[in-house]
Amino acid sequence: MPLYMDVHNIEGGVSAADVEAAHQADLARQAEHGVDYRHYWVDEKAGKIFCLVEAPTPEAAHTVHREAHGLVADEIFEVSEH
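The rules we used
- Residues numbered from 1 in each chain as written.
- Predicted model: local features only at pLDDT ≥ 70, side-chain atom pairs only at ≥ 80, totals over all residues.
- Heavy atoms only, no water.
- Pairing = 2+ DSSP bridges.
- Helix = DSSP H or I, 4+ residues; strand = E, 2+ residues; numbered from the N terminus.
- Axes fitted to C-alpha atoms, helices over the stretch in contact; angles between N-to-C directions.
- Contact = heavy atoms within 4.5 Å.
- Core = buried A, V, L, I, M, F, W, Y, C linked by side-chain atoms within 4.5 Å.
- Buried < 20%, exposed > 50% of the residue type's maximum accessible area, 1.4 Å probe, protein only.
- Left-handed = near helix turned anticlockwise from the far one by under 90°.
- Nonpolar A, V, L, I, M, F, W, Y, C, P; charged D, E, K, R; others polar.

A. Spatial organisation of the sheet that holds strand 1 (residues 3–9). Across the sheet, which stays open at both edges, the 4 strands sit in the order 2-3-1-4 with antiparallel pairing between neighbours. The sheet is open, and its two edges are formed by strand 2 (36–43) and strand 4 (75–79), each paired on a single side. The mean inter-strand angle of the sheet, taken between neighbouring strand axes irrespective of direction, is 20°. Two elements, strand 1 and strand 4, share 5 bridges in a ladder whose sense is antiparallel. Within strand 4, the residue paired with Val7 across the bridge is Glu75. The sheet strands contacting helix 1 (residues 16–29) are strand 2 and strand 3 (48–54), and the helix crosses strand 2 at an angle near 170°.

B. Broad picture of the nonpolar core. One finds Val35, Tyr37, Val53 and Ala55 to be the most contacted residues of the largest nonpolar core, which totals 13 residues. When residues of this core are traced back to their parent elements, those giving at least two are strand 2, strand 3 and helix 2 (58–68). Excluding anything up to four places from it in sequence, Val35 contacts Gln30, Val53, Glu54, Ala55, Pro56, Ala60, Ala61 and Val64.

C. Spatial organisation of the packing of helix 1 against helix 2. It is at 9 Å that the axes of helix 1 and helix 2 come closest, and there the two elements cross at 115°. The element helix 1 and its partner helix 2 pack so that their crossing is right-handed. Residue-level inspection shows Ala25, Asp26 and Arg29 of helix 1 in contact with helix 2, the latter providing Val64, His65, Glu67 and Ala68. Partitioning the contact of helix 1 with helix 2 into residue classes produces 3 nonpolar, 1 polar and 3 charged.

Here it is in structure tokens:
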């Protein structure tokens, strides 16, 4: 299954606690869409969130975010682990 890195840009910054809560919401919804949110990184000051996700399509990954908390990524890139 393809692996993606998505990028969220949150104007004004973001808290690590809020990102963790959103990630937990993703984990609760991901199975119904065949998605596996593996890990995330956050830059609180810059308002940047990066999510590593295994998904059948980018749209499936977006759907999980939308249904879980409404924060859809601004960009998504197919990546590979090497």
